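Analysis of the macromolecular model
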Amino acid sequence: MKTQVNDNNKTKAMMKKVMGTALSGALILGMPVMAVSQAAQAATAADNLTAAKRLNTLLSNTKSMTANFTQTTKGANGGKSGLSAQSGTFSGNVSLQRPNNFRWNITSPSEQLIVTDGSALWVYDKDLEQVTRQNADQQLGNTPALLLSGDPSKIAKNFKITQPNAKKNYYVLYPKSSGSNFNSLAVSFSGGKPVMMVLNDSLGQVTSIKFSNVKLNSSIPSSQFKFTPPKGVDVINQ
């Protein structure tokens, strides 16, 4: 029988582990990995309004996306993070569909899943045999997930958008909210497709996410964004 628990400490620990490995450096943050080169710094940057419009156009053209990803997190000292749950390299696949449908599935070296249909946000850690359920609006408003699957027209409300080199489809976003769990988010496009994201968090950790086999605007079953807790796992309502 499923056990319903409301243990804040367990919830925080689990969210730190899964969201850390999955999105926010974490989904999904200075840019040591995708740092702007001296040449780019010398190039003419787009003003914030122009950058926002260009990014909005790129994102608006993405109604849905599927891709594989490889994610690496490093600590502030340039090495692997001291937090074992956040260090190392992870791989898996992602599916998203606007508005607000998101599935981030880590398959290696352990199995972790974040999925939402825009209403409930589920975070499942198979190793811990735990899943948390949260209100999606409260969790996605100022995260990389909003960039990938949210309403493009609302992104400028949550982020300051910059384009360091006006000739390159490379953008760096800074959250406007002081309560964000990351300091900056960079995203690079090639052929209209997002190919890399880099997130710097408040602890100085850097998470780089490389996308491959990116497919845009294909049909994705709605079941991909639904989740039913497996039997026997702890369900944490938050």
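Just so we're clear, the structure is a prediction, and the values are computed from it rather than from any experiment.

1. Description of the nonpolar core
Nonpolar side chains tend to gather and get buried jointly when the protein is soluble and globular. Core analysis: the biggest nonpolar cluster contains 35 residues, and Leu-55, Trp-104, Leu-147, Ile-161, Tyr-171, Leu-173 and Phe-211 have the highest contact counts within it. At five residues, the largest contribution of residues to this core is made by helix α3 (residues 48-60). Ala-120, Trp-122, Val-131 and Val-235 belong to the second-largest nonpolar core, a separate cluster that totals nine residues.

2. Structural notes on the pattern of salt bridges
One pass over the full model with this rule turns up two salt bridges. Between Lys-126 and Glu-111 there is a salt bridge, and its shortest N-O distance comes to 3.5 Å. Placement of the pair is Lys-126 in the loop between β6 (120-125) and β7 (130-135) and Glu-111 in the loop between β4 (101-108) and β5 (112-116), with a sequence separation of 15 residues. The class for Lys-126 is partly exposed, based on a relative accessible area of 42%. Given a relative accessible area of 43%, Glu-111 falls into the partly exposed group. Linking Asp-117 and Lys-226 is a salt bridge whose minimum nitrogen-to-oxygen distance equals 3.1 Å. Of this pair, Asp-117 sits in the loop between β5 and β6 while Lys-226 is found in the loop between β12 (206-216) and β13 (234-237), placing the two residues 109 residues apart along the sequence.

3. Some details on the side chain of Ser-64
As for its position among the elements, Ser-64 is in strand β2 (residues 64-74). The class of Ser-64 is buried, set by a relative accessible area of 3%. In terms of polar contacts, Ser-64 uses its side chain to reach the backbone carbonyl oxygen of Ser-218, at 2.8 Å.

4. Let's talk about the pairing of strand β10 (residues 182-190)
Most of β10 sits out of view: seven of its nine residues are buried. Hairpin connection of strand β9 (residues 170-175) to β10: six residues between the antiparallel strands. Strand direction decides the pairing type here: β10 and strand β11 (residues 193-201), joined by eight bridges, are antiparallel. Paired with Ser-190 across the two strands is Lys-193, which belongs to β11.

5. Let's talk about the packing of aromatic side chains
Inspection of every chain in the model, using the stated rule, returns seven aromatic pairs. With a centroid separation of 5.7 Å and an interplanar angle of 45 degrees, the aromatic rings of Tyr-124 and Phe-227 are classed as tilted. Pair noted here: Tyr-124 is in strand β6 and Phe-227 is in the loop between β12 and β13, with a separation of 103 residues, a long-range link. Tyr-124 sits in the buried class, given a relative accessible area of 15%. Under the relative-accessibility criterion, Phe-227 is labelled buried at 16%. Through a chain of ring-to-ring contacts, the aromatic side chains of Phe-69, Phe-102, Trp-104 and Phe-211 assemble into a single cluster.

6. Quick notes on the confidence of the model for the chain
Within the chain, residue pLDDT values average 78, and 73% of them lie at 70 or more. Across the chain, element-level confidence peaks in β12 with a mean pLDDT of 95 and bottoms out in helix α1 (residues 8-24) with 43. Confidence over residues 1-42 falls short of pLDDT 50; this stretch has 130 contacts with residues more than four positions distant or in other chains. Scored below 50 in pLDDT, residues 79-85 makes 17 contacts in the model with residues more than four places away or belonging to other chains.

7. Considerations on unusual backbone geometry
The omega torsion across Arg-98 and Pro-99 is 0 degrees, close enough to zero to call that bond cis. In this structure, Pro-109 follows Ser-108 across a cis peptide bond, with omega equal to 5 degrees. Inspection of the secondary structure puts Pro-109 in the loop between β4 and β5. A positive phi is found at Asn-100, a non-glycine position, where the angle reads about 70 degrees. As for its placement among the helices and strands, Asn-100 is situated in the loop between β3 (88-97) and β4. Despite not being glycine, Asn-217 has its phi angle at roughly 60 degrees, a positive value.

8. Regarding the environment of Trp-104
Mapped onto the elements of the fold, Trp-104 is located in strand β4. When the C-alpha positions of Trp-104 and Val-115 are compared, they lie 6.3 Å apart, and in sequence the two are eleven residues distant.

How each quantity is defined
Residues numbered from 1 in each chain as written. Predicted model: local features only at pLDDT ≥ 70, side-chain atom pairs only at ≥ 80, totals over all residues. Heavy atoms only, no water. Core = buried A, V, L, I, M, F, W, Y, C linked by side-chain atoms within 4.5 Å. Buried < 20%, exposed > 50% of the residue type's maximum accessible area, 1.4 Å probe, protein only. Helix = DSSP H or I, 4+ residues; strand = E, 2+ residues; numbered from the N terminus. Salt bridge = Lys/Arg side-chain N within 4 Å of Asp/Glu carboxyl O. Polar contact = N/O pair within 3.5 Å; in protein donor to acceptor, adjacent residues only side chain to side chain. Pairing = 2+ DSSP bridges. Phe/Tyr/Trp six-rings, centres within 6.5 Å; stacked < 30°, edge-to-face > 60°. pLDDT = per-residue confidence, 0-100. Contact = heavy atoms within 4.5 Å.

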